[in-house]
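Here is how the chains run, residue by residue.
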Amino acid sequence: MIPVSEALDHLLDLVTPLEVEHVPLAEAAGRVLAEDLTANRDQPPFAASAMDGYAVNKAEVELHAMFKVIGEAAAGHGFPGRVGAGQAVRIFTGAPVPEGASFVVIQEDVDRKGNLITIMDQPGGDNIRPAGGDFKIGDVVAAPKRLAPADIALLAAMNIATVPVRRKPDIALMSTGDELVMPGETPGPDQIIASNTFGLKALLEEIGASVRMLPIARDDKPALRAAFGLADGADLVVTIGGASVGDHDLVGHVAQELGLEQSFYKVAMRPGKPLMGGRMGDAAMIGLPGNPVSAMVCGHVFLAPVVHRMLGLPIAATVKSAPLLEPLSDNGPRAHYMRAILSPEGITPCPNQDSALLSVLASANALLIRPPHDTARDAGETVEYMPLG
Ligand SMILES: Nc1nc2c(c(=O)[nH]1)N[C@H]1C(S)=C(S)[C@@H](COP(=O)(O)OP(=O)(O)OC[C@H]3O[C@@H](n4cnc5c(N)ncnc54)[C@H](O)[C@@H]3O)O[C@H]1N2
Ligand code: MOO
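Residues numbered from 1 in each chain as written. Chains lettered and ligands numbered in written order. Predicted model: local features only at pLDDT ≥ 70, side-chain atom pairs only at ≥ 80, totals over all residues.

Caption draft 1: Focus on the overall build of the chain. Secondary structure summary: the chain contains seven helices and 28 strands in total. For 389 residues, the compact-globule formula gives about 21 Å, and the C-alpha radius of gyration of the chain, at 31 Å, lies well above that figure. Its C-alpha atoms give the chain principal-axis dimensions of about 95 × 50 × 40 Å. A separation threshold of at least 6 residues defines the contact pool for the chain, and within that pool the share at least 24 residues apart is 69%. (Helix = DSSP H or I, 4+ residues; strand = E, 2+ residues; numbered from the N terminus. Rg over C-alpha atoms; globule rule 2.2 N^0.38 Å. Contact = placed C-beta atoms within 7 Å.)

The following block contains the structure:
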C-alpha cells in the first residue's frame with residue numbers, strides 16, 4: 001500500500017494537458033481556456049450615456065439652468081454635431097455622448113417645454129461611462145480558466161467569436177460484475193443496479209470530461225477483454241469493481257494481459273484501498289474499487305485532479321479545515337476519508353462509514369480527512385476536510 005499523495009503523483013504522471021481546439025463562442029461555456037485572449041477594442045468604444053436624459057456641458061449644470069434641445073443621440077445613432085453653450089442633446093442609455101457635452105442630466109430632473117429644458121432638481125453624477133471603462137485594447141483574459149457564463153459574455157463583448165480551449169478528455173467508464181444491471185432493467189434475485197458508472201459520469205462531466213459509458217462487463221476474461229476493446233481511443237479508461245483479491249476480481253489480470261504497465265496497486269486509504277493505476281498503450285488506466293462510496297470517493301480524490309491535469313488546470317488543493325463537533329477515536333494505518341456534514345459551526349462525521357452506503361454519501365457535503373495513525377481527537381480540535389459538490 002502506498003500513501004494517497006504518492007498514488008496521486010503516479011496518476012498525474014500518466015496524463016498531460018490535451019491539445020488545443022478552437023470552438024465557437026456559443027459552445028465555449030464550461031470549457032477550459034487554453035491560451036490568453038487579448039482585447040483588440042475598448043469597451044465602451046466611446047464615452048456613453050448611462051441614463052436617459054439630456055447631454056450638456058458640465059460647467060453649465062446648476063439648478064434652474066435652461067438649455068435648448070438641438071438634436072438626439074440614441075444607442076447605435078450618435079448625434080453628429082457639437083453641443084454648444086446653452087445647448088442640450090436628447091440622449092438615451094448607451095448612446096455616444098456628443099462632442100462638447102460632458103454631463104447627462106437624467107430626464108426625471110428636467111422640465112421640458114417644447115425644445116427648452118430646465119433643470120428642476122440638483123443633478124448627482126455625470127452619468128457618463130468613459131471610453132474603455134470596462135476593458136481596454138490589450139487587456140487580457142488569462143488562461144488556463146474554466147469559462148463561466150460571465151467570461152463568455154466578456155469574450156463576446158471583446159468580439160472574440162472562436163475560443164481556443166483544451167480538448168475534453170475522452171473517458172471510457174466500465175462497470176464490471178455479474179451482479180449488475182442498468183437502471184430501468186429488471187434485476188434477477190441476486191442482482192443490484194449499477195450506480196457507480198452513473199455517479200462517476202456525473203462527477204466527471206461536471207468538471208469538463210466527455211464520458212462514454214461502456215456496457216457492463218461480466219466477471220469473466222472474454223467479457224472484460226471485449227469491454228477493454230470498446231474503450232479504444234479513450235484518453236483514460238476507468239474500470240469499476242473487480243479490483244480486490246477475490247476469485248472473480250479479474251480486472252487487473254485482464255488489463256495486464258492486454259499490456260497494462262501498472263504503476264501501483266493498493267493505496268493506504270479508506271475507502272479506496274484496492275485502487276490501481278497504469279498505462280495501457282496510449283491511454284491511462286485507473287481501476288477503481290467497486291464499493292459505491294469507494295468509487296465515488298476515489299472519483300473526488302484521484303479522478304478529478306487527473307481530469308484537471310488533462311485540461312491544463314492547476315491541481316488545486318481543495319483541502320480546508322474546520323473545528324470538529326464530535327470526538328473521534330484514533331485512526332488505523334489508512335487515511336480515512338469520512339463522509340461528514342459541514343455546518344457553520346464545524347464538521348461532524350456521519351455515524352455509519354460503511355463504503356457501500358450511497359444514502360450516507362448523498363447526505364454528506366464534505367469528506368473529513370484523517371491521516372494514517374491519527375491520534376484520537378477531541379471536539380473543538382481543527383481537522384481537515386474536502387468539500388463535496
Ligand atoms: N479479503 C478481502 N476482501 C476485500 C478486500 C480485501 O482487502 N480483502 N477489500 C475490500 C475493499 S476495501 C473493497 S473497496 C472491495 C472492493 O472490491 P472490488 O473492487 O473487487 O469490487 P467488487 O467486489 O466488484 O464489488 C464490491 C461491491 O461493490 C458493488 N459494485 C461493484 N460495481 C458496482 C457498480 N458499478 N455499481 C454499484 N455497485 C457496484 C458490488 O456489487 C459489491 O457489492 O473489496 C473488499 N473485499
Ligand atoms: O477501500 Mo474499501 O474501498 O474500504 O471499501
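Caption draft 2: Region of the structure containing the sheet that holds strand 8 (residues 103–106). The six strands are arranged 8-5-7-6-10-9 in an open sheet whose pairing can be described as mixed. The sheet terminates laterally at strand 8 and strand 9 (110–113), the two strands that pair on one side only. For this sheet, the mean angle separating the axes of adjacent strands, direction not counted, is 40°. Inspection of the sheet shows strand 9 paired to strand 10 (residues 116–119) by four bridges, in the antiparallel sense. Across the sheet, residue valine 110 finds its bridge partner in strand 10, namely isoleucine 119. (Pairing = 2+ DSSP bridges. Axes fitted to C-alpha atoms, helices over the stretch in contact; angles between N-to-C directions.)

Caption draft 3: Geometry of the UniProt feature "domain: MoaB/Mog" (unreviewed entry) in the chain. Those places that UniProt annotates as "domain: MoaB/Mog" (unreviewed entry) correspond, in this numbering, to residues 172–309. Measuring from the first to the last C-alpha atom of residues 172–309 gives 17 Å, for a span that is 33% helix and 25% strand. (UniProt positions renumbered as here; feature names shortened; annotations may be inferred.)

Caption draft 4: How the structure looks around the site of ligand 1. Taken together, 26 residues surround ligand 1, and among them Gly241, Ala243, Ser244, Pro289 and Gly290 come closest. Class assignment for the residues of the shell around ligand 1 results in 10 nonpolar, 13 polar and three charged. (Near = placed C-beta within 6 Å. Nonpolar A, V, L, I, M, F, W, Y, C, P; charged D, E, K, R; others polar.)

Caption draft 5: Inspection of the site of ligand 2 at higher detail. With respect to spatial proximity, the complete set of residues near ligand 2 consists of Arg270, Pro271, Gly272, Lys273, Pro289, Asn291, Ser294 and Ser355. When the residues that make up the shell around ligand 2 are grouped by side-chain class, the tally is two nonpolar, four polar and two charged.

Caption draft 6: Quick look at helix 4 (residues 221–230). What helix 4 keeps buried is the set Leu224, Ala227 and Phe228. Looking down the long axis of helix 4, one finds its buried residues gathered within 100° of arc, a one-sided arrangement. In helix 4, the exposed positions that point more than 90 degrees away from the buried face belong to Pro222 and Gly229. Contacts made by the buried residues of helix 4 are with strand 15 (170–175) and helix 5 (251–257). (Buried ≥ 20, exposed ≤ 12 C-beta atoms within 10 Å, placed from the backbone. Arc of directions from axis to C-beta.)

Caption draft 7: Spatial organisation of the nonpolar core. Of all hydrophobic cores here, the largest spans 82 residues; its most connected members are Met174, Leu236, Val237 and Val238. Tallying contributions element by element places helix 6 (residues 292–310) first for this core, with 12 residues. Judged by nonpolar contacts, the second largest core, of 20 residues, contains Ala73, Ala88, Ile91 and Val105. (Core = buried A, V, L, I, M, F, W, Y, C linked by C-beta atoms within 7 Å.)

Caption draft 8: Layout of the domain arrangement of the chain. Partitioning the chain into structural domains gives domain 1 (4–17 + 168–310), domain 2 (22–42 + 147–166), domain 3 (48–129) and domain 4 (320–387). Taking only C-alpha atoms, the centre of domain 2 and the centre of domain 4 are 40 Å apart. (Domains from an automatic or database assignment.)

Caption draft 9: Focus on the pairing of strand 26 (residues 346–349). Of the two faces of strand 26, the one holding Ile347 and Pro349 is buried and the one holding Gly346 and Thr348 is not buried anywhere. In this structure, strand 25 (residues 335–343) lies alongside strand 26, joined through four bridges in antiparallel fashion. Its bridge partner lying in strand 26, alanine 340 is registered against proline 349. The hairpin turn running from strand 25 into strand 26, its antiparallel successor, is two residues long.

Caption draft 10: Focus on the sheet that holds strand 15. The strand order 18-15-19-23-22-20 describes an open sheet built from six strands, whose pairing is mixed. Here the strands that pair on one side only, and so sit at the sheet edges, are strand 18 (210–213) and strand 20 (261–265). The sheet shows a mean angle of 20° between the axes of neighbouring strands, direction not considered. Pairing between strand 15 and strand 19 (residues 236–240): five bridges, direction parallel. Looking at the pairing, methionine 174 lines up with threonine 239 of strand 19.

Caption draft 11: The arrangement of the environment of proline 3 in detail. Turning to its location among the elements, proline 3 is positioned in the segment before helix 1 (4–13). The spacing of proline 3 and methionine 269 is 266 residues in sequence and 7.4 Å in space, taken between C-alpha atoms.

Caption draft 12: A look at the confidence of the model for the chain. Across the chain, pLDDT averages 96, with 100% of residues at or above 70. Across the interface, the model reports ipTM at 0.97; the global pTM reads 0.92. (pLDDT = per-residue confidence, 0-100.)

Caption draft 13: Here's a closer look at unusual backbone geometry. With omega at -10°, the peptide bond leading from glutamine 43 into proline 44 counts as cis. As for its position among the elements, proline 44 is in the loop between strand 3 (37–38) and strand 4 (48–49). Residue proline 144 is bonded to the preceding alanine 143 through a cis peptide linkage, with omega at -5°. For proline 144, the position within the fold is in the loop between strand 12 (140–141) and strand 13 (145–146). Positive phi, close to 85°, is recorded for lysine 266, a residue that is not glycine. Position of lysine 266 among the secondary structure elements: in the loop between strand 20 and strand 21 (269–270).

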